[in-house]
Amino acid sequence: MAAPKKGRRPTGAQGRPGRALAIILIAMVALTAGMFLTKQTTPRLGIDLAGGTSITLKAKSEPGKPDAINETNMNTAVGIIERRVNGLGVSEAEVQTQGRDHIIVNIPKGTNEKQAREQVGTTAQLYFRPVLAFADGAPAAPEATPSPSASSSGAPKAEGSGKPSTPATPSSSATSQGRVLSEALKAPAATASPSPSASESKKADDKAPAPTPAPSGVEAAAADLQAKFAALDCTNEAQRAAAGKGAKPEDATLACGKRGDTWGKWILGPAGVAGTDVKDAKGVIDPQRGQWIVTMQFTDKGADKFAKITGELATKQMPQNQFAIVLDGEVVSDPSVSQALTGGNAEISGGFTQQTAQDLGNMLSYGALPLSFSEDSVTTVTAALGGEQLKAGLIAGAIGLILVVIYLLVYYRGLAFIAIVSLLVSAILTYTIMALLGKGIGFALNLPAVCGAIVAIGITADSFIVYFERIRDEIREGRTLRPAVERAWPRARRTILVSDFVSFLAAAVLFIVTVGKVQGFAFTLGLTTVLDVVVVFLFTKPIMTLMARTKFFSSGHPWSGLDPKRLGAKPPLRRSRRTGSGSVTAPVDVKEA
């Protein structure tokens, strides 16, 4: 006769509850430590809670360009808009794509709404300006005199080839800079002034006068620009935003930009070519040289302008033989020129990676980007209103939590302790993750996200209730607590996983198909659903296993919530054991796995 099967020893979290509890404790400590180390002790608040302006833009393709709305063009537009928003001098602004054809711009409180809308909604300003002087981004020391430099390293070339290099000193002396500036400032005036007649010129030649000095106003303007250039600190964000602000295309101006990882500053002449003159630009690999380059194609008018400016620059020394590509007041590249570039096509080469070449190509082509944007919605929330909404959300969450706790205490008594501690663990995990995600992926806690967190309280409590009811069902069948805890878990586990999967699926679909603040609700709901599974498996079940070993719960104390009498339990399940002679022995308790 076959021997009776012995119960299998529980494994994993069932057999080693201490290990599961240690895992979740380590996770909580690590997340909390990361929160304090990164100084992100509070979740980042959205516009509707912290106050500010939220602008939703919708992309529209130009006629004949049905494929213009794509990931590359949208990312280029985000980069341009982000530069503009940062130019407002605000911090913690957020620009991101949502869906296929929307861009969301969130600007925190303290920003002028009208100015923000003007900056976001206007077309990017791209110009090609001749370089008059260059220096490192930090302001020059008062006693130091810029030393001349015969060559400029670092500037890419606007011809077939060129080796990148980076200048460490300004490219001309203070005296030569002043002379160049005066000539640049005089050029527009000289062009606009009437030319003398031939006879007057002849008389002037006969008298052989000394060269006419530049007008005092021009010299003063040049000196003022040079002083501002020396004092400009491009490593300072506020000064970068203010450099050249309000300068017209026909004016000389100052600008900041990056060369590699360091900031530089430029004095630039009047714009020679506008971004609207660029027909197309892209970053491509040159198969012959095996390096990344940026190719440019100009319109007919742009080709003439570019040929003229490159012809003038080619005759000059460094850095006056360079032209700066200026996007919204910031220099994105400053290639040098060695010959006039005609034909309407040009290339920039020198030290590009695939990413930098494609980024520059996108910036250059933005002036001709077949995309336009219209405002879908603009929402402005004052800081006071945002605070009131946050307070209301927290009050609603507290009320919901209190009601859940009261229900658990009244109906489950001692088991409510396990449920409340599990809710606390879930709250700690949710809070720390949200705080870290603010800096990690830019997650902002908005009002719909708070609603998602409130709904999650019910979802998490429901998982505990499912497990507790399964345990009670086993006790009603006559089993003692320890076997009841283990037998109830497999059935409760399946129900919890199915329920949480449905909730997570709904959250995922909602996140994908919606745009705007509703995504905050979906994201929070999905996050808390995942954490519900983690808490139930790694905390609630192990702690229930440990509590089942205590006298208070195992004896069925009336306040434990597991009193067999209150539950209407049947007599304990017992079975008889037959001896080899066929006689029947006394019944024994069933050993449950």
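Just above, that's the structure.
The structure reproduced in this document is the subject of the present report. Keep in mind it's a predicted model, so treat the numbers as computed, not measured.

1. Some words on the sheet that holds strand β9 (residues 291-298)
Point 1. Spatially, β8-β9-β12 is the arrangement adopted by the three strands of the open sheet, whose pairing is antiparallel. The outermost strands of the open sheet, each flanked by one partner alone, are β8 (278-286) and β12 (345-352). Within this sheet the neighbouring strands show an average axis-to-axis angle of 20°, counted without direction.
Point 2. The pairing of β9 with β12 spans six bridges and is classified as antiparallel. What sits directly across from M296, in β12, is A346.
Point 3. Sheet contacts for helix α10 (residues 300-313): β9 and β12; angle to β9, the most-contacted strand, approximately 115°.

2. Description of the state of the cysteines
As used here, a disulfide is simply a covalent bond connecting the sulfur atoms of two cysteines.
Point 1. On inspection of all chains with the given rule, the structure shows one disulfide.
Point 2. Between the sulfur atoms of C234 and its disulfide partner C256 the distance amounts to 1.9 Å. One quick way to see it: the torsion about the S-S bond of C234 and C256 is about -70°, and its sign makes the bridge left-handed. In this pair, C234 sits in the loop between α8 (216-231) and α9 (237-242) while C256 sits in strand β5 (residues 253-259), placing the two residues 22 residues apart along the sequence. Each member of the pair, C234 together with C256, is buried.

3. What about the nonpolar core?
Point 1. In terms of nonpolar packing, the biggest core is built from 49 residues, with L415, Y467, F468, I471, L481, M544 and L562 touching the most fellow members.
Point 2. Looking at this core, the elements that each hand over two or more residues are α2 (17-37), α12 (383-412), α13 (415-440), α14 (447-476), α15 (481-513) and α16 (518-547).
Point 3. Every residue in contact with L481, bar those within four places of it in the chain, is listed here: I471, I475, A548, F553, S554 and L562.
Point 4. Among the nonpolar cores identified, the runner-up in size contains 26 residues, and V294, I309, V337 and M363 belong to it.

4. Quick notes on α13
Point 1. Compared with the 38 Å implied by 1.5 Å per residue over 26 residues, the 37 Å span of α13 between its first and last C-alpha is a close match.
Point 2. Trailing α13 by a residue or two, G442 shows a phi angle of about 80°, which is positive.

5. Here we look at a nonpolar patch on the surface
Point 1. There is a patch of nonpolar side chains on the surface, built from V498, F501, V502, L505, V509, F511, I512 and V513 and spanning about 800 Å² of accessible area.
Point 2. By the element assignment, F511 lies in helix α15.
Point 3. By relative accessible area, F511 is classed as partly exposed at 37%.

6. Some points on the packing of α15 against α16
Point 1. Two elements in contact, α15 and α16, have axes whose closest approach is 8 Å; the angle formed by their N-to-C orientations is 170°. Taken as axis vectors, α15 and α16 run roughly antiparallel relative to one another.

7. Details of the environment of Q291
Point 1. By secondary structure assignment, the location of Q291 is in strand β9.
Point 2. Separated by 62 residues in sequence, Q291 and T353 have C-alpha atoms that sit 8.0 Å apart.
Point 3. Non-local contacts of Q291, meaning those with residues more than four positions away in its chain, are made with V284, I285, D286 and S349.

Conventions used here
Residues numbered from 1 in each chain as written. Predicted model: local features only at pLDDT ≥ 70, side-chain atom pairs only at ≥ 80, totals over all residues. Heavy atoms only, no water. Pairing = 2+ DSSP bridges. Helix = DSSP H or I, 4+ residues; strand = E, 2+ residues; numbered from the N terminus. Axes fitted to C-alpha atoms, helices over the stretch in contact; angles between N-to-C directions. Contact = heavy atoms within 4.5 Å. Disulfide = S-S within 2.5 Å. Buried < 20%, exposed > 50% of the residue type's maximum accessible area, 1.4 Å probe, protein only. Core = buried A, V, L, I, M, F, W, Y, C linked by side-chain atoms within 4.5 Å. Expected span 1.5 Å × (residues − 1). Patch = residues over 30% accessible without salt bridge, like charges linked within 9 Å, V, L, I, M, F, W, Y side chains within 5 Å. Areas by Shrake-Rupley, 256 points an atom, 1.4 Å probe, with all protein chains shown as cover. Salt bridge = Lys/Arg side-chain N within 4 Å of Asp/Glu carboxyl O. Parallel < 35°, antiparallel > 145°, perpendicular 65-115°, else oblique.

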